[in-house]
Structure formats: structure tokens, C-alpha cells
Amino acid sequence: MKLKELLQGIQVLELNADPELEIASVAYDSRKVEKGGMFVAISGFTSDGNRFIPMAMEKGAAVVVTARKPKLEVPYVLVENDRLALALLGTNFYGHPAKEMTMIGITGTNGKTSVTLLLKQVLEEVLGAKVGLIGTMGAMVGDEHIPSERTTPESFELQGLFAKMRDAGCTHVVMEVSSHALTLDRVGGIHFDVAAFTNLTEDHLDFHKTMDAYCDAKAMLFERCSKAVINVDDSYACRMLDKARCPVVTASVRGKGNLNAKNLQLHAEGICFEAAPVIGKSVEVQLPIPGKFTVYNALTVLGIARSLGISLEKSAQALQKAKGVKGRIEVVPTPGKPWSVLIDYAHTPDGLENVLSSVKDFCKGRVISVFGCGGDRDPIKRPIMGEIGVRLADFAIITSDNPRTEDPLAIIDDILKGVDASMGPYVVVPERRTAIRYAMDIAKKDDIIVLAGKGHETYQEIHGVKYHLDEREEVAAHLAEMG
């Protein structure tokens with residue numbers, strides 16, 4: 001592809017290279033530069049890509065794209081925004097694949113993964129569509145799974161994924177859109193047919209610093225969509241609505257929206273409610289996934305489907321057949337035992353409060369919580385999660401999550417700052433495998449053990465090293481030991 005074609009739509013401040021130059025490849029990692037390719041020097045937070053221009057040239061780069069004029073005498077393109085340039089280079093390089101599919105983006109702190117997976121099932125069931133999915137649990141092209149390290153991949157890889165989906169015959173793409181992706185232009189150049197907001201609670205403040213900044217990042221999604229679905233029960237919904245310049249479905253459990261959930265029934269096998277639009281007929285919705293937050297997730301799915309022209313009746317029929325989401329209030333088999341184990345990804349204060357409150361709604365015995373907090377992430381939420389995890393459980397076991405590069409015991413100390421003995425009984429068991437076994441050993445008839453924080457993950461990162469840890473396997477192994 002010619003350089004001038006790659007630069008279409010990009011704000012170029014200075015072009016010091018032949019626009020007719022043929023570019024074979026694009027890389028923003030100097031180690032992956034190919035001869036005759038382009039190197040995009042990204043000014044990162046911990047590392048400046050401009051430092052690696054000499055390495056890229058040694059490997060045969062034909063041109064450099066940068067937001068800082070190079071000190072070396074090299075062919076270069078000076079752009080105003082290097083991250084946005086990388087995103088637009090990706091759209092041009094792969095032939096604007098997103099424009100050939102229906103694009104649906106979901107943002108919010110909690111519920112994104114459940115909404116995307118449930119919506120994928122609805123689109124496949126009702127429309128017979130082939131759906132691409134991108135999110136926390138990786139990417140899917142139809143039924144093919146593709147691992148991913150980020151909720152939203154870097155922009156150039158993202159466009160490559162879109163191209164793969166397009167070429168495989170996908171008609172729809174359902175993706176989680178993180179606040180990082182919006183702030184760092186990973187979704188630059190993408191217009192969404194429908195965008196949705198689930199909720200906003202404290203998370204990622206190590207990056208955004210304030211809740212207002214975190215909210216503003218999420219709200220950016222609604223400046224680039226044709227239709228929107230917004231949970232108006234959330235206190236930050238008004239700021240999302242302010243950004244939306246398009247038709248909006250407002251979803252509510254409190255009767256504040258134009259699509260409301262009425263007559264809620266919550267039980268251990270799932271949820272049931274009436275989806276009541278302001279105009280039109282109410283429809284009964286049943287979903288085999290327990291928890292009040294499942295009602296909110298289902299409303300969001302119904303709202304998106306309706307925005308795409310799918311009737312509430314057809315969406316409700318599809319949801320009734322939907323499968324649960326791995327790691328989201330997932331029931332773990334415990335044959336022969338009078339107690340139950342649930343796994344949930346709850347790793348934020350709101351997520352932990354939602355799952356424990358929901359389980360208490362249908363638990364006949366004690367709720368036993370097993371939880372910790374991740375390392376190298378917002379430390380402010382640790383005492384808050386400590387308070388929630390102990391107060392809302394009948395017995396709490398405080399343990400490790402993914403300490404990453406931090407000292408696990410230091411993280412637990414932070415959690416304990418929010419805990420008081422008057423909140424309820426608790427113990428500290430730092431090693432997570434031991435904590436799971438301890439919970440199973442003390443469980444009694446009708447108790448429900450909630451393993452919170454890991455969800456779908458099958459590893460634990462300690463001192464920067466990832467070790468295999470699948471909580472389903474741990475439960476099964478201890479069941480075998482118990483006999």
C-alpha cells in the first residue's frame with residue numbers, strides 16, 4: 001500500500017517522505033519492524049517509542065510516523081496525535097473492516113462481559129448471524145476463540161481482528177470498550193451502530209486519578225455512535241446522556257426509563273421479570289442466571305437488540321435459552337455435598353456488593369465469601385472491598401487475588417483497614433488454594449461459598465509470575481480429598 005493511502009484521514013503536520021512509497025507492513029514495536037515497513041513511534045507512559053527509531057531503521061524501516069520530530073535524518077511523517085494515527089493507519093491498512101459490519105460497543109465498570117456474551121447468543125439465535133466478540137475473556141470469531149491480553153486490544157491489532165471477522169463472514173461485532181481504550185485511542189476511527197452503558201463504580205483510579213475523569217473517559221463512547229442504551233438507574237447516567245447525540249433507550253429497574261423491568265423474581269435458578277416499554281406490550285423475560293444484576297444485564301441486551309430492530313418477544317425467547325457466562329455467578333458442581341460453590345469475577349467494590357447481595361437473596365444458609373484485591377491496581381478500593389466482603393457475608397475469608405508485583409500480605413493489610421470485628425466473623429488465609437479448601441471444610445447444609453475475584457481466569461500472578469490456578473479444578477480436587 002502506498003504511503004499516501006495509509007495516511008488518508010490522518011492529520012499530518014509534516015511529510016518528509018515520498019508519498020508514493022510502498023509500505024509492506026506497520027509496527028509500533030521496534031522488535032517487529034520488517035524491511036520496507038513503517039514504524040509508528042508511540043509516546044508511552046513508561047517508554048517513549050521515539051527512543052527506538054534507530055533500532056527500527058536498522059531493521060529496515062522505510063518510514064517513521066511520530067508526534068515528535070526525529071533527531072535522526074530519516075524519512076518521517078509528523079502527526080498531531082501518534083495514538084490516533086496508529087488507529088487510523090490500522091483502519092486504512094486493513095480496508096476499513098468495521099464499516100462492513102454492525103458494530104456494538106459496551107462500556108461500564110461491571111456487566112460488560114455478560115452483556116456481550118448474552119447479546120452474541122441473541123443475535124445468533126434470532127438473526128442466525130455470525131458474530132465477532134472482543135472482551136475480557138478474549139476474542140471470538142463465531143465459535144473460534146482467540147486469546148487476548150487486554151479487554152480492548154491495541155488499535156492496530158484490533159483492526160486486524162475486525163478484518164479477520166469480516167473475512168470470516170461476521171455480520172456483527174460485539175465488543176467491550178474499556179476506559180483505557182477510549183482514552184488511548186484504541187478505538188480511534190470506529191463508529192458504533194449501538195453503544196451501551198452498564199454502570200460506573202470505582203475502578204482504574206490508578207490510571208484516571210478521579211471518578212470524574214473515569215466517567216468522562218467512558219462517556220466518550222457516546223460521541224461516536226448512532227444509537228445508545230443507557231442504564232439510567234446509575235448515578236453517572238446523566239453524564240452519558242449529555243454526550244449522546246442520538247436516539248437513546250433508557251433502561252431501568254426503578255421505573256425511570258423507556259424500557260423498564262417490573263415484577264422481578266429472583267431465585268437460585270435464575271431471574272424472571274417483565275420487560276415493559278413505555279410504548280408497546282410488556283414481555284416476560286426468564287434467564288437461567290441468578291442475581292439482580294442479571295436483570296440489568298438482560299435489560300441492556302434487550303435495549304440493544306431493540307435498537308437493532310429485534311422485537312422484545314424474540315429477544316426474550318433467545319435469552320430463555322441462553323447459557324451462563326463462565327466466571328459470572330457460575331455454579332461449580334459439588335456432587336454429594338449439601339452446600340454450593342459459586343465463582344464470580346467480582347473484583348470491584350460494586351461487583352462484590354452485587355454478587356454477595358444477590359446470593360443473600362436466595363441463600364437458605366450462610367454466605368461464605370472468599371475474596372482479595374489485585375496488586376498494581378487502585379489501592380483506594382481495598383479497604384472498601386474489605387468492608388463489603390465482611391459485612392455482606394455471614395463468614396468472610398480474606399485471601400490473595402492477583403498480587404502481581406506487590407507483596408500479598410501488604411495488600412491484605414490494606415483490605416483489613418476497612419474491616420471491623422463488629423461487621424461479622426472473618427479470617428485471613430493468604431494462600432488462595434488453602435482459602436478455598438478452608439471454605440469448603442467449614443461449609444454446612446445450605447451454605448453458599450462465593451469465590452470472588454478470579455472468575456474466568458485460570459491463573460494467579462504472584463511476584464510478576466503467572467501460575468496456573470483454575471478454581472474449578474481446586475474445588476474438584478478438594479472434593480476428591482474430602483471423599
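Each remark here, short or long, concerns the structure printed above.
Residues numbered from 1 in each chain as written. Predicted model: local features only at pLDDT ≥ 70, side-chain atom pairs only at ≥ 80, totals over all residues. Heavy atoms only, no water.

Draft legend 1. Quick look at the overall build of the protein. Tallying secondary structure elements over the protein gives 16 helices and 24 strands in all. Overall size of the protein, expressed as C-alpha extent along the three principal axes, is 75 × 55 × 40 Å. Burial statistics for the protein: of 483 residues in total, 57% are counted as buried. Considering only residue pairs separated by 6 or more positions, the protein has 66% of its internal contacts joining residues 24 or more positions apart. When the accessible area of the protein is evaluated, it comes to approximately 19800 Å², of which 51% is carbon and sulfur surface. The centroid of the 55 positive side-chain charges in the protein is displaced by 2 Å from the centroid of its 63 negative side-chain charges. (Helix = DSSP H or I, 4+ residues; strand = E, 2+ residues; numbered from the N terminus. Buried < 20%, exposed > 50% of the residue type's maximum accessible area, 1.4 Å probe, protein only. Contact = heavy atoms within 4.5 Å. Areas by Shrake-Rupley, 256 points an atom, 1.4 Å probe, with all protein chains shown as cover. Lys, Arg positive; Asp, Glu negative; His and termini not counted. Charge placed at Lys NZ, Arg CZ, Asp CG, Glu CD.)

Draft legend 2. View of the packing of aromatic side chains. Counted according to the given criterion, the structure contains four aromatic pairs. Both rings, one in Phe93 and one in Phe156, keep their centres 5.5 Å apart while their planes meet at 45 degrees; by these two values the pair is tilted. Taken together, the residues span a long stretch of sequence, with Phe93 in helix α3 (residues 82-93) and Phe156 in helix α5 (residues 155-167) at a distance of 63 residues. Ring centres of Tyr94 and Phe156 lie 5.4 Å apart, and the angle between their planes is 55 degrees; on these two criteria the pair is classed as tilted. With Tyr94 in the loop between α3 and β6 (102-107) and Phe156 in helix α5, this pair connects stretches of sequence that are 62 residues apart. The exposure class of Tyr94 is partly exposed, given its relative accessible area of 26%. Residue classification places Phe156 among the buried residues on the basis of a relative accessible area of 8%. A cation over an aromatic ring shows up here: Lys454 above the ring of Tyr459, its NZ or CZ 4.9 Å from the ring centre. The ring of Tyr459 carries the charged tip of Lys466 above its face, separated from the ring centre by 4.4 Å. (Phe/Tyr/Trp six-rings, centres within 6.5 Å; stacked < 30°, edge-to-face > 60°. Lys NZ or Arg CZ within 6 Å of the ring centre and 35° of its normal.)

Draft legend 3. Structural context of unusual backbone geometry. Here the phi dihedral of Asp185 falls at roughly 60 degrees; this positive angle occurs in a residue that is not glycine. By the secondary structure assignment, Asp185 is in the loop between α6 (179-183) and β11 (192-197). A positive phi angle, close to 60 degrees, is found at Asp376, a residue other than glycine. For Asp376, the location among the structural elements is in the loop between β19 (367-371) and α13 (381-391).

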